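Single-letter residue listing:
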Amino acid sequence: MTDLLALSLVEARDGLRAKQFSAVELTQAYLDAMARHRNWNAYITETPDKALAMAEAADVRLAAGNPGPMEGLPIGMKDLFCTEGVRTTAASHILEGFHPPYESTVSKRLWEAGAVCLGKTNLDEFAMGSSNITSYHGAVTNPWTKPGGNEKPLVPGGSSGGSAAAIAGRLCIAATGTDTGGSIRQPAAFSGICGIKPTYGRCSRFGIVAFASSLDQAGAMARKVGDCAVMLGAMAGFDPHDSTSADRPVPDFEAACQRSVKGLKIGIPKEYRLDGMNAAVEAAWQQGIAWLEAAGAEMVDVSLPHTRYALPTYYIIAPAEASSNLARYDGMRYGLRVPGKNLVETYERTRGQGFGAEVQRRILIGTYVLSAGYYDAYYLKAQKVRRLIADDFHQAFQKVDLILTPTAPSAAFREGEKMDDPVAMYLNDVFTVPSSLAGLPAMSVPTGLDRQGLPLGLQLIGRPWDEETVLAGSAALEKAAGFDVTPYGLEG
Ligand code: GLN
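If you're wondering where the values come from, they're calculated on a predicted model, not measured in any experiment. (Residues numbered from 1 in each chain as written. Predicted model: local features only at pLDDT ≥ 70, side-chain atom pairs only at ≥ 80, totals over all residues. Heavy atoms only, no water.)

Further remarks concern the site of the ligand. Of all residues adjacent to the ligand, which total 15 residues, the nearest are T180, G181, S183, Y314 and R362. A distance of 2.8 Å is found between a nitrogen atom of the ligand and a backbone nitrogen or oxygen belonging to A127. Between the ligand and S183 there is a distance of 2.7 Å, counted from a nitrogen atom to a side-chain nitrogen or oxygen. Contact with the protein chains removes 100% of the 290 Å² of surface that the ligand exposes when unbound. Looking at side-chain class alone, the shell around the ligand contains 5 nonpolar, 7 polar and 3 charged residues. (Near = heavy atom within 4 Å. Polar contact = N/O pair within 3.5 Å; in protein donor to acceptor, adjacent residues only side chain to side chain. Areas by Shrake-Rupley, 256 points an atom, 1.4 Å probe, with all protein chains shown as cover. Nonpolar A, V, L, I, M, F, W, Y, C, P; charged D, E, K, R; others polar.)

What follows is about the environment of E415. Residue position: E415 is located in the loop between β9 (402-406) and α14 (422-426). Note: C-alpha distance between E415 and L215 (200 residues apart in sequence) is 27 Å. Aside from chain neighbours lying at most four places away, what touches E415 is I133, A139, V140, T141, K152, P153 and V155. (Helix = DSSP H or I, 4+ residues; strand = E, 2+ residues; numbered from the N terminus. Contact = heavy atoms within 4.5 Å.)

As a further point, take the pairing of strand β4 (residues 174-179). Within β4, 6 of the 6 residues are buried, which leaves it mostly tucked inside the rest of the structure. Inspection of the sheet shows strand β2 (residues 74-78) paired to β4 by 2 bridges, in the parallel sense. Paired with I75 across the bridge in β4 is A174. In this sheet, strand β6 (residues 217-222) lies alongside β4 in antiparallel orientation, the contact comprising 6 bridges. Within the sheet, the bridge partner assigned to D179 lies in β6 and is Q217. (Buried < 20%, exposed > 50% of the residue type's maximum accessible area, 1.4 Å probe, protein only. Pairing = 2+ DSSP bridges.)

Another aspect to go through is the packing of aromatic side chains. Here the structure, examined in full by the defined rule, presents 17 aromatic pairs. Judged by centre distance (6.4 Å) and plane angle (20°), the ring pair of F393 and F397 falls under stacked. With F393 and F397 both in helix α13 (residues 375-399), this residue pair falls 4 residues apart, about one helical turn. By the burial criterion, F393 is buried, and F397 matches it. A cation over a ring is seen here: R273 above W285, with NZ or CZ 4.6 Å from the ring centre. (Phe/Tyr/Trp six-rings, centres within 6.5 Å; stacked < 30°, edge-to-face > 60°. Lys NZ or Arg CZ within 6 Å of the ring centre and 35° of its normal.)

So, about the sheet that holds β9. Pairing is mixed in the open sheet, where 11 strands are placed in the order β1-β3-β2-β4-β6-β5-β10-β11-β9-β7-β8. What marks the edges here is a single partner per strand, and that holds for β1 (43-46) and β8 (298-302). If you compare each strand with its neighbour and ignore which way they point, the axes differ by 30° on average. Sitting on the sheet, helix α4 (residues 105-112) is in contact with β2, β3 (116-121), β4 and β6, with an inclination near 175° to β2. (Axes fitted to C-alpha atoms, helices over the stretch in contact; angles between N-to-C directions.)

This part covers the pattern of salt bridges. Taken as a whole, this structure holds 19 salt bridges when the rule is applied. R205 is the salt-bridge partner of D242, the closest N and O atoms lying 3.4 Å from each other. Of this pair, D242 sits in the loop between α7 (225-235) and α8 (253-256) while R205 sits in the loop between β5 (194-197) and β6, and the two are 37 residues apart along the sequence. R205 carries the same exposure label as D242, and that label is buried. Salt bridges sharing common partners tie together R13, D14 and E254. (Salt bridge = Lys/Arg side-chain N within 4 Å of Asp/Glu carboxyl O.)

Structure below.
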């Protein structure tokens, strides 16, 4: 009997089509695993009945010989995507009881492609964070946490921490993520899985709870590069409901994973070599360079001179947009209402009790940088710097096809760490934020373990709309790394 949970998405897809097992069997295996590992808190909402009904329908289509690209594959849906009739929380108290009357475009496309919904995965509240600790529904445990130790659990990274933990812990075959400043890539690196954030505009944002609209992008997370490619292909494409969605054909991402990297030029940006950089991260980066060279790529030194302004720029623009987007949670339209003696007091109580501390901090920063007296000094300045950062990449991509960097400055940290120091927390995003500001596609691939035995990831950044080269490079890294270690939480 095949170990169904050991299969990659591509293997499971092929196995389903070859009738080696059914979608119901595969789905049941995941539902059982979810029940065994509720302690990781990877899901906010499980949807077992829906999953089995969808799996049965998938089996019918498989039997009829017309399966969709994701037919019968059980996935987790980040709880930031609106799912019709299924509780959607954004991991916030303020959305208490919200059951969307409509489906997000990305989730709709995945269901139409045949995917099976196992449930809604945990995240940082409104996708603000790098640890998944700010969730109103509680922190997520990284399955790489060694069982039985006295230390606090490791975080899975964030904000798509529930998706990352669910994939690493074999509680779904793949999952959606969203990435505003690193929320697909950093948790992928912390959890030893792959994650791709496509070019801004590749996937529709319609029906995704908005955080920072000029940065938010949906993407795919899974154990293998090829799995992400298949899933992204099903998610992507033009949507008239999102004015920033691009009317471009969706390439064959799976085929792109087979492309050779021979002759590709890969940029190594000197500004990403930080003072006092974590030695294991630096070593992983060097190893990645050597692997890609051995595969026939040529390394080229590049400079992205405005890199050091990326983090402060992001932490002005993202909160500014968030403060505007989150104005809609007023206790009137949906979710929580904490009544006061008049309208203003109702607003204050609802927002005061409905939003967690990190979300409130961002709203305060955002309204401050947008206020009449500070708009020019902060928000407008940040917009100008954002352009310079995008121009840096544009210049570099005249010379190179891809840029290789570490994904995160460290491996997973423990719950409780960095919690009293927001700036230390924000530093997690140092390598992921610049490409977000520039709207570029970027992918994280697990490349090995550090001395403590925790996974590290490398990031490849590509030209706008060139996910194909990003996937080809990532597949080459994956092949060289041969990363295939079972998380400690799954042993024994
Ligand atoms: N960690 C970053 C933040 O807190 C990125 C979050 C994200 O990409 N959604 O804003």
